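Results of the structural survey
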Amino acid sequence: EVMDADNANGGAAAAVEDGGEKQSYVVQPSEVGTPFDAQVALFQRLFSTCASVALCEGGLSGDTVLAIANALQHHACSGRHLRFVDGNNIGNSGAESIAQALTTNKSLLSLYLGGNNIGDSGAQSIAR
């Protein structure tokens, strides 16, 4: 079943539920244009309640990537799959932030970063 799910910012995004639990959540660009602390809270909540989180194309800001990394690194994460949809352009610095978070987060099973302007140094950070 696909339905709208409330988020920390009072908006809605597409979520797929199975037996009352959110299995996947698609974060819309309008949801991440909030203060840093609110972004961290949004991603903490999503990562603790959803099996899969996808970030729609929309050119994520550096602060948003840092909020995602912070949520991945410092909080329990039941989310097993994270997809940065093509066109978010997180670049090398974003990839390096995510890589740093992955040094402590051992629960993430898949990470999709294709089409996000990541060069050799960002790819090498993720590969470590």
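One structure accompanies this document, and this report is about it. Worth saying up front: this structure is predicted, and the values here are computed from it rather than measured.

A few words on the overall build of the protein. Across its full length, the protein holds 4 helices and 6 strands. Starting at the N terminus and ending at the C terminus, the protein contains elements arranged as β-β-β-α-β-α-β-α-β-α. Taking all 128 residues of the protein together, the buried fraction comes to 38%. Taking as baseline every contact in the protein between residues at least 6 positions apart, the subset at least 24 positions apart corresponds to 71%.

Right, let's get into the packing of aromatic side chains. Taken as a whole, this structure holds 1 aromatic pair when the rule is applied. Residue placement shows Arg 83 over the ring face of Tyr 112; its charged tip is 4.1 Å from the ring centre.

Attention now goes to the nonpolar core. Phe 43, Ile 68, Leu 82 and Phe 84 are the most contacted members of the largest nonpolar core, which totals 25 residues. Elements with a minimum of two residues in this core: β3 (21-27), α1 (36-49), β4 (52-55), α2 (62-74), β5 (81-84) and α3 (91-102). When sequence neighbours within four positions are dropped, the list of residues in contact with Leu 82 reads Phe 47, Val 53, Leu 55, Ile 68, Leu 72, Leu 108, Ser 110, Leu 111 and Tyr 112.

Let's shift gears to α1. Taking 1.5 Å of rise per residue, the 14 residues of α1 would be expected to cover 20 Å, and the 20 Å separating its terminal C-alpha atoms lies within 8% of that figure. Looking only at α1, the buried set comprises Gln 39, Val 40, Leu 42, Phe 43, Leu 46 and Phe 47. Viewed end-on, α1 has its buried residues packed into an arc of 160 degrees, placing them on one side of the element.

Next up on the list: the pairing of β5. The alternating pattern of β5 places Leu 82 and Phe 84 on a buried face, while none of His 81 and Arg 83, on the opposite face, is buried. Where β4 and β5 come together, 4 bridges link them in parallel fashion. Within the sheet, the bridge partner assigned to Val 53 lies in β5 and is Leu 82.

Definitions and limits used
- Residues numbered from 1 in each chain as written.
- Predicted model: local features only at pLDDT ≥ 70, side-chain atom pairs only at ≥ 80, totals over all residues.
- Heavy atoms only, no water.
- Helix = DSSP H or I, 4+ residues; strand = E, 2+ residues; numbered from the N terminus.
- Buried < 20%, exposed > 50% of the residue type's maximum accessible area, 1.4 Å probe, protein only.
- Contact = heavy atoms within 4.5 Å.
- Phe/Tyr/Trp six-rings, centres within 6.5 Å; stacked < 30°, edge-to-face > 60°.
- Lys NZ or Arg CZ within 6 Å of the ring centre and 35° of its normal.
- Core = buried A, V, L, I, M, F, W, Y, C linked by side-chain atoms within 4.5 Å.
- Expected span 1.5 Å × (residues − 1).
- Arc of directions from axis to C-beta.
- Pairing = 2+ DSSP bridges.

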